[in-house]
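Working through the structure, step by step
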Amino acid sequence: MLHRRPSRARQLGLLLVTGAIALLSACSTLDQGHPPQLARQASWVVLPFANHTETPLAGQRAEAIAQALLSAQGVGQVRRTPAATQQEALFGAGDAQRSEDALAWAREQKVRYALAGSVEEWRYKVGVDGEPAAGVTLQILDVATGDTLWSGSGGQSGWSREALSAVAQKLIRKLLQSGLAGSR
């Protein structure tokens, strides 16, 4: 009986597809709640992000990306809190107070929603390839009550030649799209 071997091209194609699926499935992890019903054109503020990393100013970097992406999603006016509430403290001291001060400012300004967040990872991994890795948690808050309407958390790594900011931008975009999916 004659056994027929699959062609080399077919074997290579199958191997590439299997490898791509395996690699892409290991690049990111997301956990998020159900999207709330939000008034799309309401006013927003981006609160100071807590920095739980050893990377200086990672919170402010993530805030800037989040503000740009939130605006790009077509929500109403997006503002940042005044500079006095944005000073990132060394080793996270004062994060809770900065958030409370920023939320009080947003209430005075009659802002409807706030985007709060924290950065858990913001680095290039040690090793030959030095892959970028970012970990972020986001919350959408009702400014008037302080209630959390939605939260999501994720981590993503990239390829060795990819910028850390690009990896973080992809991650924050995925999280925001999930949180804003119920906007009307």
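Going by an unreviewed UniProt entry, the chain carries the name Penicillin-binding protein activator LpoB and comes from Alicycliphilus denitrificans.

Quick notes on the overall build of the chain
Counting its secondary structure elements, the chain contains four helices and seven strands. For the chain, the α and β elements follow one another from N to C terminus as α-β-β-β-α-β-α-β-β-β-α. Put simply, the chain has 184 residues, and 42% of those count as buried. As presented, the chain carries roughly 10,600 Å² of accessible surface, and 55% of it is formed by carbon and sulfur atoms.

Digging into the environment of Leu-175
With respect to the helices, strands and loops of the structure, Leu-175 is situated in helix H4 (residues 164–179). Distance in space between the C-alpha atoms of Leu-175 and Leu-30 is 7.7 Å, their sequence separation being 145 residues. What Leu-175 contacts, discounting residues up to four positions off in sequence, is Leu-30, Gln-32, Val-136, Leu-138, Trp-150, Gly-152, Ser-153 and Gly-154.

A closer look at unusual backbone geometry
Positioned with a positive phi, Leu-57 is a non-glycine residue whose angle comes to about 65°. Here Leu-57 lies in the loop between strand S3 (50–51) and helix H2 (58–72). What makes Leu-57 partly exposed here is its relative accessible area of 42%. At Lys-110, a position not held by glycine, the phi torsion is positive, near 60°. Position of Lys-110 relative to the elements: it lies in the loop between helix H3 (95–108) and strand S5 (113–124). Taking the relative accessible area as the measure of exposure, Lys-110 reaches 69% and is therefore exposed.

Considering the packing of aromatic side chains
Scanning all chains against the criterion turns up one aromatic pair. Here the aromatic rings of Trp-44 and Tyr-113 are separated by 5.1 Å at their centres, their planes lie at 45°, and the arrangement is tilted. Separated by 69 residues along the polypeptide, Trp-44 in strand S2 (residues 44–46) and Tyr-113 in strand S5 bring together distant segments of the chain. Across the pair, exposure class does not vary: Trp-44 and Tyr-113 are buried alike.

A short note on the side chain of Thr-137
Turning to its location among the elements, Thr-137 is positioned in strand S6 (residues 132–142). In this structure the side chain of Thr-137 is engaged in a polar contact, spanning 3.1 Å, whose partner is the side chain of Glu-120. With sequence-adjacent residues up to four places away left out, Thr-137 is seen in contact with Ala-116, Gly-117, Ser-118, Glu-120, Gly-152 and Ser-153.

Scoring rules and cut-offs
Each chain has its residues counted from 1, following the order in which its sequence is written. Totals for whole chains, interfaces and linings use every residue, but because this is a predicted model, local features are given only for residues with pLDDT of at least 70 and side-chain atom pairs only at 80 or more, for both listing and counting. The side-chain quantities take in all heavy atoms of the structure and omit both hydrogens and water. By the criteria applied, helices consist of DSSP H or I runs no shorter than four residues and strands consist of E runs no shorter than two, each listed in order from the N terminus. Under the scheme applied here, a residue whose accessible area is under 20% of the maximum for its type counts as buried, over 50% as exposed, and between as partly exposed, the area being computed with a 1.4 Å probe on protein chains only. Values of accessible area rely on a 1.4 Å probe in the Shrake-Rupley scheme; residue burial ignores everything except the protein chains shown. Throughout, a contact is declared for two residues whenever any of their heavy atoms are within 4.5 Å. Only Phe, Tyr and Trp rings are paired, with Trp represented by its six-membered ring, and only when their centres lie within 6.5 Å; those with planes under 30 degrees apart are stacked, over 60 edge-to-face, the remainder tilted. We call two N or O atoms a polar contact when they sit within 3.5 Å, provided that within protein one can donate a hydrogen and the other can accept it, with sequence-adjacent residues counted only if both atoms are side-chain atoms.

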